[in-house]
Amino acid sequence: MPFRIPQLLAIPTLGVLAWHIIGTRQMKPYWSRELSWFAAFFGLVTIGVVVASNRPIALAYWTATYVKIGIMTLAIAWMTTEATHFARASRILVLAGLAVSYVTLSNKINGIGLVEGTRVTIGREMQSVLGDPNDLSLVLLFPLAFAVSLGTTRGVSLFWRFFGIIALIAIVSAIIATQSRGGLLGIMTVFGLFGLRIVKSKALLISIGGLAMLVLFAVAGISDRASGGAAEDGIDESAMGRIYAWGAAFHMAVERPLTGVGLDNFLSNYFFYSSHWDGLNHAVHSTWFGVLGETGFPGLIVFVGMIATSLRSATKSSLRLDATNAPADARAMGRALVAGLAACCVSGTFLTQGFTWPFYIQIALTAALTRYTEMQTAKAAPQDATELEGSSEKSL
């Protein structure tokens, strides 16, 4: 914390970006559908800051976090241009996931930062962004897709495939230690999508998935949780808390339909919009309802459009790269982005990640991969035409 390492890394990154755009002119900024949707959502969020119900809170989050997300989304999209760049990005993300998993499991073993006696966190005493077990599982889901992709993509070196397998075991173990149901659903989404590529029989895949879900819930000890465990009858306390929070988010959007209550303003407005008050403000625990409450109906529509466009582009790029037998690192990135975005969508129904890094890094990488795929296709087109012309002459 004293060295502010993220800021120290971001500054030279922006310096390199500016140097290659203005100085060497080797990097040419481009625009795409994914970036257009992102820019539209960023604009709506920024307008919402100006008219937020608590402007100082919204402005503080915008300046401390969200404007950095905006800048780095463009930087990642423009600077990631080659297969080697995708390889480095994947490996760094997996390495980061492995590091967080190590601390998570260490805390679990040593009983550090446990919530409800069993759920692990990191840095809760200093109000870390990983101080909530649900947020911790969300962050770990992000590199999980890249770890699985490294471990299963043919053509990737044996060392990195082995590294990916080790990392995915550690990450899955760490997510299990958080006892987050949203995290477990995210795990199933990632493995389910990769399973579609490996297992030809859909019936067999569904059977394996159902069994795996039961095993995951049993190993995670969900029934032993203090909230949301088997000891609670009917709709458990955790589920009811989410229902109340989602209702509050909807009421915020109805009251302020065009802008919502403003960025990072859900907690400060919970008392005024919730139908149930237990003396504490509660997080929304849903990406979709969080975006709805804090940016209104236009914000939710644009956010969903941004995610849907990115997921569609990632899927098309991945299929095209597989069909053309592109470099293994590019193919691995395509598969990881499809699974990662899908997992974030599924887990995001129960976890709050609308204004945090994972979605936006994946959107930036999707824009970069789409651009790379289009350029590779354009390069291959003249060669295909030449080969076709040559075969025609031979036939004549």
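As a convention, each chain's residues are numbered from 1 in the sequence order in which they are written. In keeping with the model being predicted, local features are shown solely for residues with a pLDDT of at least 70 and side-chain atom pairs are shown and tallied solely at 80 or more, while totals for entire chains, interfaces and linings include all residues. Note that the side-chain values use all heavy atoms of the structure and ignore hydrogens as well as water.

**Here's the deal with the nonpolar core**
Here is step 1: Ranked by size, the top nonpolar core spans 86 residues in total, and within it Phe41, Tyr66, Leu144, Phe146, Phe303 and Tyr360 carry the most contacts.
Here is step 2: If you tally residues by element for this core, the top one is helix 12 (residues 328-348), at twelve residues.
Here is step 3: Buried Ala, Val, Leu, Ile, Met, Phe, Trp, Tyr and Cys residues that are joined via side-chain atoms within 4.5 Å together make up what is termed a nonpolar core. Relative accessibility decides the category of a residue: with a 1.4 Å probe and only protein chains considered, values under 20% of the type maximum give buried, values over 50% give exposed, and everything between is partly exposed. Of all hydrophobic cores here, the second largest spans ten residues; its members include Ala245, Met252, Phe266 and Val284. Only runs of H or I of at least four residues qualify as helices and only runs of E of at least two qualify as strands under DSSP, and these elements are numbered from the N terminus.

**Points about the confidence of the model for the protein chain**
Here is step 1: Predictor confidence is given residue by residue as pLDDT, running from a minimum of 0 to a maximum of 100. For the protein chain, the mean per-residue pLDDT works out to 87, and 92% of the residues sit at or above 70.
Here is step 2: For the protein chain, helix 13 (residues 357-395) is the element with the lowest average pLDDT, namely 76, and helix 2 (residues 33-50) is the one with the highest, namely 96.
Here is step 3: By definition, residues are in contact when any of their heavy atoms lie within 4.5 Å. Here residues 228-235 scores under 50 on pLDDT; set against residues more than four positions off or in separate chains, the count is 13 contacts.

**Considerations on the side chain of glutamate 34**
Here is step 1: Within the secondary structure layout, glutamate 34 lies in helix 2.
Here is step 2: No salt bridge is formed by the buried glutamate 34, whose closest oppositely charged neighbour, arginine 33, lies at an N-O distance of 4.5 Å. Neither His nor the chain termini are counted; the positive set is Lys and Arg, and the negative set is Asp and Glu. By salt bridge we mean one thing: a side-chain nitrogen of Lys or Arg within 4 Å of a carboxyl oxygen of Asp or Glu.

**A closer look at the state of the cysteines**
Here is step 1: The disulfide definition used here is simple: a pair of cysteine sulfur atoms within 2.5 Å. This structure, assessed with the given rule, holds zero disulfides.
Here is step 2: Lacking any disulfide linkage, cysteine 344 is separated from the closest cysteine sulfur, that of cysteine 345, by 7.1 Å.
Here is step 3: Exposure remark for cysteine 344: the relative accessible area of 3% places this residue in the buried category.

**Considerations on the packing of aromatic side chains**
Aromatic rings considered in pairs are described by the distance between their centres and by the relative angle of their planes.
Here is step 1: Pairs were defined over the aromatic rings of Phe, Tyr and Trp, the Trp ring being its six-membered one, requiring ring centres within 6.5 Å. Orientation was assigned from the angle between planes: stacked under 30 degrees, edge-to-face over 60, tilted for the rest. For the coordinates displayed, the defined rule picks out 18 aromatic pairs.
Here is step 2: Judged by centre distance (6.0 Å) and plane angle (45°), the ring pair of phenylalanine 38 and phenylalanine 42 falls under tilted. Linking phenylalanine 38 with phenylalanine 42, this pair stays in helix 2, spanning four residues, or about one helical turn. Phenylalanine 42 carries the same exposure label as phenylalanine 38, and that label is buried.
Here is step 3: Ring centres 5.2 Å apart and planes at 55° place the aromatic pair phenylalanine 41 and phenylalanine 303 in the tilted group. Of the two residues, phenylalanine 41 is situated in helix 2 and phenylalanine 303 in helix 11 (residues 287-323); the sequence distance between them amounts to 262 residues.
Here is step 4: In this structure phenylalanine 41 comes out as buried when scored by relative accessible area, which is 0%.
Here is step 5: Among the residues examined, phenylalanine 303 registers a relative accessible area of 0% and is labelled buried.

**Brief notes about unusual backbone geometry**
Here is step 1: Not every positive phi belongs to a glycine, and glutamate 116 is a case in point at roughly 60°.
Here is step 2: The topology assignment puts glutamate 116 in the loop between helix 4 (83-110) and helix 5 (133-152).
Here is step 3: Positioned with a positive phi, glutamine 127 is a non-glycine residue whose angle comes to about 55°.
Here is step 4: As for its position among the elements, glutamine 127 is in the loop between helix 4 and helix 5.
Here is step 5: For glutamine 127, a relative accessible area of 75% translates into the label exposed.

**A look at helix 3 (residues 55-79)**
In an α-helix, one turn spans 3.6 residues; hence positions three or four apart end up facing the same way.
Here is step 1: The span one expects for a helix is its residue count, reduced by one, times 1.5 Å. Helix length check: helix 3 (25 residues) gives 34 Å between terminal C-alpha atoms against 36 Å at 1.5 Å per residue, within 8%.
Here is step 2: Largest kink in helix 3: about 50°, centred on tryptophan 62.
Here is step 3: The complete set of buried residues in helix 3 reads Ala58, Trp62, Tyr66, Ile69, Gly70, Met72, Thr73, Ala75, Ala77 and Trp78. At every residue, the bend is computed as the angle between two fitted axes, covering the seven residues ending there and the seven beginning there respectively.

**Thoughts on the environment of valine 302**
Here is step 1: Residue placement: valine 302 occurs in helix 11.
Here is step 2: When neighbours within four sequence positions are excluded, valine 302 is seen to be in contact with Trp37, Ala40, Phe41 and Leu44.

**Quick word on the packing of helix 4 against helix 5**
Here is step 1: Fitted lines through C-alpha atoms give the axes, limited to the stretch in contact for helices. The angle between two N-to-C directions lies from 0 to 180 degrees. At a closest axis distance of 8 Å, the pairing of helix 4 and helix 5 adopts a crossing angle of 130°. Taken as axis vectors, helix 4 and helix 5 run oblique relative to one another. Handedness of the crossing formed by helix 4 with helix 5: left-handed. Two secondary-structure elements touch here, helix 4 through Ser90, Arg91, Leu93, Val94, Gly97, Val100, Ser101 and Thr104 and helix 5 through Leu136, Leu140, Phe142, Pro143, Phe146, Ala147 and Leu150.
Here is step 2: Any residue outside Ala, Val, Leu, Ile, Met, Phe, Trp, Tyr, Cys, Pro, Asp, Glu, Lys and Arg is labelled polar, Gly included; the first ten of those are nonpolar and the last four are charged. When its residues are assigned to classes, the contact of helix 4 with helix 5 shows ten nonpolar, four polar and one charged. The labels follow the angle: roughly parallel below 35 degrees, roughly antiparallel above 145, roughly perpendicular from 65 to 115, and oblique for the rest. Take the far helix as your reference; a near helix turned counterclockwise from it by less than a right angle gives a left-handed crossing, and one turned clockwise gives a right-handed crossing.

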